[in-house]
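Summary of the model geometry
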Amino acid sequence: MSGRGIVLTVVWSRRLPDQPSSVRVYRDSLGHWYASFVVPARVEPLPETGRVIGADWGVKEIATTSSDEHDLPHAEHGRKAARRLARYQRMMARRRPAQGQKASKGYLRARKHVARAHAKVVRQRQDTARKWAKRVVRDHDAIAVEDFRPRFLARTSMARKAADAAIGATKHALVEMGRKHGRDMRLVHPAHTTMDCGWCGARAKHRLALSERTYTCTACGVSRPRDKNSAHVVLVRAGLGPAGVEGTRPGRPRDARAA
Ligand SMILES: [Zn+2]
């Protein structure tokens, strides 16, 4: 392949499923070149399951779902890798050359470590996200997803940033996987998912404090782990209720915002 005088030898990561319509060539922070091809999507249908699921994103777990077998905790290897990355970033900051001065060997070495650690974090995150997404999509016909948007990214802690990035990657993987396999994907507005009751639909008068891990409904009396309740709210809001019955066929859409 060549372009603007650069000639590259291509190593294929996988075979193209079809004739590509365009290609994008880019270079990562380690200096590796990549080519990504755009191929028209073809739906690969999966067998019907008769099951639906709602997913809520969080800090305690990446995804809490209305199913008992599909929750996704924050990976320990992800935390370790994020800590390593933070250490190299601090090292790099300490060795940063003063303005007009040449970068030291130590600085360049730290910068390489940062790039490598970052690439590893991204790779692990995508791998975990894809495996989980595949399982969720295989096991459900319709999938309701909280439409998470990391709004406060710039002014939050490293841990929160890492969690946001993991959630973003996981949500993306799930939506892509669902579309690829022709599943019914529904994005749900995140407002009030922690205040509403996933079983009777009543809205609490007060916002739940973040330390409060249990949602107790004053209207119907149900008491559930906070994140499980939110997952049910997402499910019901997407029109995939009836509330309280897990894994049922899609009902009449109520407040759904279809993806
Ligand atoms: Zn209730």
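Here is a short report on the structure shown in this document. Note that this is a predicted model, so its numbers are computed, not measured.

1. Let's talk about the pattern of salt bridges
Between side chains of opposite charge, a pair can form when the charged atoms approach closely. Summed over all chains, the structure comprises 10 salt bridges. For Asp139, the salt bridge identified is with Arg138, shortest N-O distance 3.0 Å. Its salt-bridge partner being Asp147, residue Lys171 comes within 2.7 Å of it at the nearest N-O pair. Of this pair, Lys171 sits in helix α3 (residues 158-180) while Asp147 sits in the loop between β8 (142-146) and α3, and the two are 24 residues apart along the sequence. In terms of burial, Lys171 and Asp147 fall into one category: buried. The network of salt bridges with common partners includes Asp68, Asp71 and Lys228.

2. Focus on the coordination of the zinc ion
Protein coordination of the zinc ion is provided by Cys197 (SG), Cys200 (SG), Cys217 (SG) and Cys220 (SG), with donor distances spanning 2.3 to 2.4 Å. Of note is the zinc ion, whose 4 donor atoms meet at the metal with angles of 105 to 112° in an arrangement that counts as tetrahedral. In primary-sequence terms, the residues that donate to the zinc ion follow C-x2-C-x16-C-x2-C. You can see Cys197 sitting in the loop between β9 (184-188) and β10 (214-216) and its partner Cys217 sitting in the loop between β10 and β11 (223-225), a full 20 residues away along the chain. Here Cys197 and Cys217 have matching classes, each one buried.

3. Things to note about the packing of aromatic side chains
Scanning the entire structure with this criterion turns up 3 aromatic pairs. Ring geometry for Trp12 against Phe37: centres 5.5 Å apart, planes inclined by 25°, an arrangement best described as stacked. Of this pair, Trp12 sits in the loop between β2 (6-7) and β3 (22-27) while Phe37 sits in strand β4 (residues 33-38); the two residues are 25 residues apart in sequence, bridging distant segments of the chain. The class for Trp12 is exposed, based on a relative accessible area of 52%. An angle of 20° between the planes, with centres 5.5 Å apart, marks the rings of Tyr26 and Tyr34 as stacked. Across from the ring centre of Tyr88, 5.6 Å away, lies the NZ or CZ of Arg87, which sits over that ring. In this structure, Arg224 is placed above the aromatic ring of Trp199, and the distance from its NZ or CZ to the ring centre is 4.6 Å.

4. A word on helix α1 (residues 76-94)
An ideal rise of 1.5 Å per residue puts 27 Å on 19 residues; α1 measures up with 27 Å between its terminal C-alpha atoms. Where α1 is concerned, the buried positions are Ala81, Leu85, Ala86, Tyr88, Met91 and Met92. If you follow the buried residues of α1, they end up packed against α2 (105-139) and α3.

Calculation criteria
Residues numbered from 1 in each chain as written. Predicted model: local features only at pLDDT ≥ 70, side-chain atom pairs only at ≥ 80, totals over all residues. Heavy atoms only, no water. Salt bridge = Lys/Arg side-chain N within 4 Å of Asp/Glu carboxyl O. Helix = DSSP H or I, 4+ residues; strand = E, 2+ residues; numbered from the N terminus. Buried < 20%, exposed > 50% of the residue type's maximum accessible area, 1.4 Å probe, protein only. Donors = N, O, S within 2.8 Å, 3.2 Å for Na, K, Ca; no water. Tetrahedral: all angles 85-135°; square planar, octahedral: opposite > 155°, others 65-115°. Phe/Tyr/Trp six-rings, centres within 6.5 Å; stacked < 30°, edge-to-face > 60°. Lys NZ or Arg CZ within 6 Å of the ring centre and 35° of its normal. Expected span 1.5 Å × (residues − 1). Contact = heavy atoms within 4.5 Å.

Shape is all these values report; function is a separate question.
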